[in-house]
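What follows is each chain in one-letter form.
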Amino acid sequence: MSSMTHAAYSREFERRAMDLSITVNGIKFPNPFLLGSGPPGTNARVIAKSFDAGWGGVVAKTVSLESAKVVNVSPRYGRLRSRDTGEVIGFQNIELISDRPIDVWLDEFRQLKKEYPHHVLIASIMEEYEKSRWQELTRLVQETGVDGFELNFSCPHGMTERRMGSEMGEHPDLTEEVTRWVVEVATIPVWAKMTPNITNIKEPSLASVRGGAVGVSAINTILSVIGVDLKTLRPLPTVEGYTVPGGYSSQAVRPIALRMVSQLAQALPEGVSISGIGGIERSHDAIEFMLLGASTVQICTGVMLHGVKIIEELNDGLAQFMTDKGFETVQEIVGKSIPYFSTHMDLVQRMKAAKRIRAGESSRDNDWAEKSITEKTEELTSERTAEQE
Ligand SMILES: Cc1cc2nc3c(=O)[nH]c(=O)nc-3n(C[C@H](O)[C@H](O)[C@H](O)COP(=O)(O)O)c2cc1C
């Protein structure tokens, strides 16, 4: 601190003191950052560590009634790296839901709520297409004192062979029916987690709302094949010579997730919350989701690649953004950029009104031959603003 100017010091102090809490569906989150369902929330020990590190909440790894039916394979991850820097920009998994017995989970949920009463613990649940099973799981988990449910209608691989996960999210009638089963017995808020592997994410999301969900989480992973080994000709990740398509996550999916979240923000009824997920690693990424309508955000792969400590930059970066832009509460950020979506025709009209239509006309398709393709591409490209450090 000694090297800081007085102004910088007071700014730093203000940043630390800022209230980052947000109340969503009646639950008070200390900050809007949650671990997304997956390895970062795979047992009570890792969840406790993340609470200690500063996370506002956790969506635990998805649980079901019969863990013995869940058998994972190895290797089950694959990475796509940037050609220039080697940084991981895409990540694929063929991991299933939790393979830990439900009784163990119930004990751990109880324990966590006892030790961390002010942190938010959301249980992610998934079952076969049977009302009694969904309702039994809901009752068992609810009794432990968790704060909310996230219904996993969205894992794209493995579980689908038992008609679970995205098999439900891909069929809005099932999404609605199963949500209704859960809501019939749930006394805590229910969110439904959506698969992006559909044409229109609004349909299953609105179906879950008709079924009684008060929040929508989006997105789960995008179906993918991460690559093929050119030596062995085997697609990756290769398990005993074979593979299955998996779920794609990390930075590369973020624009798709942002688009889907923005569509939900425009389509969901007032009061239904959005938890934004997909490729978030830094505060900059998280704020984008919030500006497009998410009141909480979840991070899974980012934590697997960089560790729970990224919460420090997430919290500091959000506080800094709020100070810089004059936002007093996190809630004020939510959906702030949604009014700036329009139609193509409207954009053309706005350019005309701004007397900039020649800029559009001067880039007609015939002109591409006048410059190199790369130069012309550069000329027409708009860049995301530089990250705040
Ligand atoms: C290894 C791995 C395991 C996952 N397991 C689950 C899961 O059990 N339940 C679930 O709802 N989502 C699961 N997900 C999906 C993530 O929660 C998240 O929706 C997705 O990965 C996109 O966010 P990200 O880019 O921050 O990872 C998993 C993701 C990964 C990478």
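Because the structure is a prediction, the values reported are computed rather than measured.

## A closer look at the overall build of the chain
Then step 1. Summing up its helical and strand segments, the chain has 14 helices and 14 strands in all.
Then step 2. Taking 2.2 N^0.38 as the reference for a compact globule, 389 residues should give roughly 21 Å; the C-alpha atoms of the chain span a radius of gyration of 22 Å, in line with that estimate.
Then step 3. Principal axes of the C-alpha set define a box for the chain whose edges measure 65 × 60 × 45 Å.
Then step 4. Looking at the chain residue by residue over its 389 residues, the buried ones come to 51%.
Then step 5. Contacts in the chain between residues far apart in sequence, at least 24 positions, make up 71% of those at least 6 positions apart.
Then step 6. Of the charged side chains in the chain, 42 are positive and 51 negative, and the gap between their average positions amounts to 2 Å.

## Section: the pattern of salt bridges
Then step 1. For the structure shown, the criterion picks out 19 salt bridges.
Then step 2. For Asp107, the salt bridge identified is with Arg110, shortest N-O distance 3.2 Å. Of this pair, Asp107 and Arg110 both sit in helix H3 (residues 102–115), separated by three residues, roughly a single helical turn.
Then step 3. We classify Arg110 as partly exposed; its relative accessible area is 38%.
Then step 4. For Lys376, the salt bridge identified is with Glu379, shortest N-O distance 3.1 Å. In this pair, Lys376 and Glu379 are both assigned in helix H14 (residues 373–379), three residues apart and thus about one turn of the helix distant.
Then step 5. Under the relative-accessibility criterion, Lys376 is labelled buried at 4%.
Then step 6. Shared partners join several salt bridges into a network, and the residues in it are Glu66, Lys69, Glu127, Glu128 and Arg133.

## Re the site of the ligand
Then step 1. The ligand sits among 23 residues. The nearest are Ser37, Thr62, Lys193, Gly279 and Thr301.
Then step 2. Ser250 is positioned with one of its backbone polar atoms (N or O) 3.0 Å from an oxygen atom of the ligand.
Then step 3. In the model, an oxygen atom of the ligand is placed 2.8 Å from a nitrogen or oxygen of the Gly279 main chain.
Then step 4. Residues that form the shell around the ligand fall into these classes: eight nonpolar, twelve polar and three charged.

## Details of the pairing of strand S13 (residues 273–277)
Then step 1. Among the five residues of S13, five are classified as buried, and the element is accordingly described as predominantly covered.
Then step 2. As paired elements, strand S10 (residues 215–218) and S13 share four bridges and run parallel to each other. Bridge pairing in S13 places Val216 opposite Ile274.
Then step 3. Both S13 and strand S14 (residues 296–299) contribute to a ladder of three bridges, which runs parallel. Within S14, the position partnered with Gly276 by the bridge is Val297.

## What to know about the packing of helix H2 (residues 44–53) against H3
Then step 1. Between H2 and H3, whose axes approach to 10 Å, the crossing angle comes to 20°. Here H2 is positioned roughly parallel relative to H3, judged by the angle of their axes. The handedness of the crossing between H2 and H3 is right-handed. On H3, the residues touching Ala44, Ile47, Ala48 and Phe51 of H2 are Trp105, Glu108 and Leu112.
Then step 2. Of the residues assigned to the contact of H2 with H3, the class counts are six nonpolar, no polar and one charged.

## A closer look at the packing of helix H8 (residues 254–267) against helix H9 (residues 283–291)
Then step 1. Here H8 crosses H9 at 25°, and the two axes come no closer than 9 Å. Comparing their axes, H9 and H8 come out roughly parallel. Packed against H8, whose contacting residues are Arg254, Ala257, Leu258 and Val261, the element H9 presents Asp285, Glu288 and Phe289 at the interface.
Then step 2. Considering only residue class, the contact of H8 with H9 consists of four nonpolar, no polar and three charged.

## Digging into the nonpolar core
Then step 1. Of all hydrophobic cores here, the largest spans 88 residues; its most connected members are Phe29, Trp55, Trp134, Val141, Phe149 and Leu318.
Then step 2. Residue contributions to this core peak at seven residues, all from helix H11 (residues 310–325).
Then step 3. Those residues in contact with Leu318 that sit more than four places away from it in its chain are Leu20, Pro32, Phe33, Ser283, Ile287, Met290, Glu313, Val330 and Ile333.
Then step 4. Counting seven residues, the second-largest nonpolar core is a separate cluster that includes Ile97, Met126, Met159 and Met164.

## Focus on the state of the cysteines
Then step 1. If you walk through the whole model with that rule in mind, you get zero disulfides.
Then step 2. This cysteine, Cys155, is not joined by any disulfide, and Cys300 carries the nearest cysteine sulfur, 9.6 Å off.

## Description of the sheet that holds strand S4 (residues 57–59)
Two strands in a sheet stick together by hydrogen bonds in their backbones, pointing the same way (parallel) or opposite ways (antiparallel).
Then step 1. Strand order in the closed barrel formed by eight strands is S3-S4-S7-S8-S9-S10-S13-S14, and the pairing between neighbours is parallel. On average, adjacent strands in this sheet sit at an angle of 25° to one another, irrespective of strand direction.
Then step 2. Seen against the sheet, H2 touches strand S3 (33–35), S4 and strand S7 (120–125) and runs at an angle of roughly 150° to S4.
Then step 3. Strands S3, S13 and S14 of the sheet are contacted by H9, whose axis makes an angle of about 140° with S14.

Cut-offs used in this document
Residues numbered from 1 in each chain as written. Predicted model: local features only at pLDDT ≥ 70, side-chain atom pairs only at ≥ 80, totals over all residues. Heavy atoms only, no water. Helix = DSSP H or I, 4+ residues; strand = E, 2+ residues; numbered from the N terminus. Rg over C-alpha atoms; globule rule 2.2 N^0.38 Å. Buried < 20%, exposed > 50% of the residue type's maximum accessible area, 1.4 Å probe, protein only. Contact = heavy atoms within 4.5 Å. Lys, Arg positive; Asp, Glu negative; His and termini not counted. Charge placed at Lys NZ, Arg CZ, Asp CG, Glu CD. Salt bridge = Lys/Arg side-chain N within 4 Å of Asp/Glu carboxyl O. Near = heavy atom within 4 Å. Polar contact = N/O pair within 3.5 Å; in protein donor to acceptor, adjacent residues only side chain to side chain. Nonpolar A, V, L, I, M, F, W, Y, C, P; charged D, E, K, R; others polar. Pairing = 2+ DSSP bridges. Axes fitted to C-alpha atoms, helices over the stretch in contact; angles between N-to-C directions. Parallel < 35°, antiparallel > 145°, perpendicular 65-115°, else oblique. Left-handed = near helix turned anticlockwise from the far one by under 90°. Core = buried A, V, L, I, M, F, W, Y, C linked by side-chain atoms within 4.5 Å. Disulfide = S-S within 2.5 Å.

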